[in-house]
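Remarks on the overall topology
Residue-level listing of the chains:
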Amino acid sequence: MRIITSNSTLITGRLTFILLLFSFSLFASDHITITIKHLPDYTPKDTEVFLVTSYNNWNPSDENFQLKKNANGEFFITLQKRDKPFQYKFTRGTWLEVEGNDIGEIKQNRWYDPEGPQQIDVVIMSWQDMAKRYLNRLKITVNSIPEETPYDATLFVAGDFNNWNPRDPESKMSKHPDGKYYLSLPLGLKKLEYKITRGSWESVEGRDNGRAIHNRVFNMEEDGWMSEVKVNSWEDLSGNTMTPYMFLLLLGAFQGLLLIISIFGIQENNRKANVVLITLIFLTSIAIICRVGTFYREIFNAAPKLYLFPEMLFFLYGPLFYLYIKSLTIKESIDIKDYFKRLSPFMIQLLIYTPMIAMPKDAFIESVINFKYAWFYQLVGGVGLLFSGYYWWKCRNLIREQEEESAAFLSEDRNLNYLNVVLTVYLVCLTIWGVLYIGGGIGLVFDLETLPLIEFLIDVMWFIIAGVSFMMGYYAMNQPEMLRVSELKTTYKVPEEGVVSPVNTQNIDVQEGLSKELLEVKKQLGEMMTTKILFTNPRLTLPELAKELDTNTHDLSKVINEGYNKNFYDFVNAYRVEAFIKEVYSDEKQEFTYLGHAYNVGFNSKTAFNRAFKKETGQTPTQYFNKEKQLM
């Protein structure tokens, strides 16, 4: 009996377990469980959470749909499974306390899918009533403003998030007792471009020098949630102030314009070259004025395309400077085709810039301030740098040819140093220009702030350009014989009328490399230089001397070069040095200074005299005569 009873109890227990398992499976298949796996950190500890659905009339506090907590402390609710989809949300008891999206705004209804799993896990991102207080929002702090800021000034943030409204009430900054201005930006904003204003674009912030500042960028991923900025200036209060730099630029520009008027009065033989010089000075002066004008917001807003005019010098300055020097070298008028060839790159640049010129004014202003087409200007500037470097090399060769022709045809010392100085300054500008690109490249590669350095170098370069224009005009006015060599070069190529025909060069004297006829010319030359003392004429030229000898410049040049192993300039100066030494010795009473004697024998400057004397004797005049006294 005991055995039977024991077996019956065992069987009954198993049957009960099977029934319970079956019942649970039936219950589980007919129900769904929704579990909240995560709540916002700021959710109150004693909060109640309710499920609101389309089948409880969206009641935000229905006790039948209140969630409970499981052993893990998670809110959950078990519902009768439905055959049709339904929508639902979670609240904390009212519609004001409904869940929101990741930035605390209205969240779309959740959907239940009958075909989906019976265990549903959800995450509540925010509560709309608490998100604005607890969610992270970008904050801008202005910790310093210019001293000239009005005491009652109100600051605003204008940016791409509020359509660049300079007086947006929602973007008004609040001033705290610590003197700083604060603004919390709209939720969900992670990156923006902006500027600080005092309520209008006329009173927008600027840089240290008062110029327009490019848009500030606030990136949460790089800068965090807080950005502290310093307002360096206000454009309406300091942007229109005339700085010493701007004054000097304008001074150079207006002096250039005055020089243009003065240059028109120079002798006729300079007219050809000076027309090119006038054009160069005029365009440079206008470019400088345009550059200064863009520093003023009123002028820039009224005529923003002035910004482009200085860019045009990239392909104008080099060709015009080259044509100016060429006009000094060649007597004949430069072919119009040569002008067109030299200036064609500028015409191409003008064509490329046409879209910029045709751009609407507001769009162009925005593109300049925000460096929208900076890459384009940098590309054009890089090509302009190479182009200008090429013309510097061509100008250098022209000046060297000019110096060689001077030595071959003139006995006077022509001051061409200013052209070499201009060329040196031109090279300095090109060097600064190159450093701009090197500095910009280093800043780009190593993520360095090189803008202040670049702007400083640009300012220096424009200051130099302003000075060069003034210097070129000044020397052009003070050297009325600029084209003297040009006229002589033609004589070299075409013998004068009335001179004898070229002598027979077949009968050559082996010792000196000259024909007998040329040796005769050499003999006559030596006699004439000593008897007629032609060297005392400071402006003695090769054609003039050839006329005295009744020969042509070609043969006379050959005699001097091969018979005396000198060029014409050194040949004449050798006689002058010899005459100078004799004059000094004969001036027992020392009535004249060394320089006075130098002028008497034909030198036209102290520099030319000292250079020629040392070249002939290897000593300065003082050293030479001191040594002679010791020997006596």
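Residues numbered from 1 in each chain as written. Predicted model: local features only at pLDDT ≥ 70, side-chain atom pairs only at ≥ 80, totals over all residues. Heavy atoms only, no water.

Points about the pairing of strand S14 (residues 191-197)
Spelled out, the test is: For every residue, the accessible area obtained with a 1.4 Å probe (protein chains only) is divided by the maximum for its type, and the residue is called buried under 20%, exposed over 50%, and partly exposed between those limits. In DSSP terms, a helix is any run of H or I states spanning at least four residues, a strand is any run of E spanning at least two, and both are numbered starting from the N terminus. The pairing criterion for strands is at least two bridges between them, as found by DSSP.
Counting buried positions along S14 yields five of seven residues, so the element is predominantly enclosed. With four bridges connecting them, strand S11 (residues 156-159) and S14 associate as antiparallel partners. Considered in S14, the bridge of glycine 159 is made with tyrosine 194. Pairing between S14 and strand S16 (residues 216-219): four bridges, direction antiparallel. Bridging across to S16, glutamate 193 finds its partner in valine 217.

A word on the packing of helix H5 (residues 244-263) against helix H6 (residues 271-293)
Put simply, the test is: To get an axis, a line is fitted to the C-alpha atoms, and for a helix only the part in contact is used. The angle between two axes follows their N-to-C directions and goes from 0 to 180 degrees. Any angle that falls under 35 degrees is termed roughly parallel, while one over 145 is termed roughly antiparallel, one within 65 to 115 roughly perpendicular, and all others oblique. In this scheme the crossing of two helices becomes right-handed for a clockwise turn of the near helix relative to the far one and left-handed for an anticlockwise turn of less than a right angle. Working rule for contacts: check all heavy atoms of both residues, and any pair within 4.5 Å makes them a contact. Gly is placed with the polar residues, together with every amino acid not listed as nonpolar (Ala, Val, Leu, Ile, Met, Phe, Trp, Tyr, Cys and Pro) or charged (Asp, Glu, Lys and Arg).
At a minimum axis separation of 9 Å, H5 and H6 run at an interaxial angle of 155 degrees. Classed by the angle they form, the pair H5 and H6 counts as roughly antiparallel. Crossing hand, H5 versus H6: left-handed. Across from Tyr245, Met246, Leu249, Leu250, Ala253, Phe254, Gly256, Leu257, Ile260 and Ile263 in H5, the residues of H6 making contact are Asn274, Leu277, Ile278, Ile281, Phe282, Ser285, Ile288, Ile289, Arg291 and Val292. Here the residues of the contact of H5 with H6 sort into 16 nonpolar, three polar and one charged.

Observations regarding the environment of histidine 214
Its location among the elements puts histidine 214 in the loop between strand S15 (205-206) and S16. Separated by 154 residues in sequence, histidine 214 and valine 368 have C-alpha atoms that sit 8.7 Å apart. When residues no more than four places from it in sequence are discounted, the contact partners of histidine 214 are Lys195, Ile369, Phe371 and Leu451.

Topic: the confidence of the model for the protein chain
Predicted coordinates in areas of low pLDDT are best not read in detail. To be explicit about the condition: Across the chain, each position has a pLDDT score giving the predictor's confidence in that residue, from 0 to 100.
Summing up the model confidence of the protein chain, the mean pLDDT is 81 and the portion of residues at 70 or higher is 83%. The lowest-confidence element of the protein chain is strand S19 (residues 508-509), averaging 37 in pLDDT; the highest-confidence one is strand S2 (residues 50-53), averaging 96. Taken together, the stretch residues 1-6 has pLDDT below 50 and engages in zero contacts with residues farther than four places along the chain or on a different chain. Scored below 50 in pLDDT, residues 21-28 makes one contact in the model with residues more than four places away or belonging to other chains.

Quick word on the pairing of strand S5 (residues 86-91)
Of all six residues making up S5, five are buried, and the element is well covered by its neighbours. Bridge analysis of S2 against S5 gives four bridges, and the strand direction is antiparallel. Across the sheet, residue valine 52 finds its bridge partner in S5, namely lysine 89. Across three bridges, the pairing between S5 and strand S7 (residues 110-112) is antiparallel.

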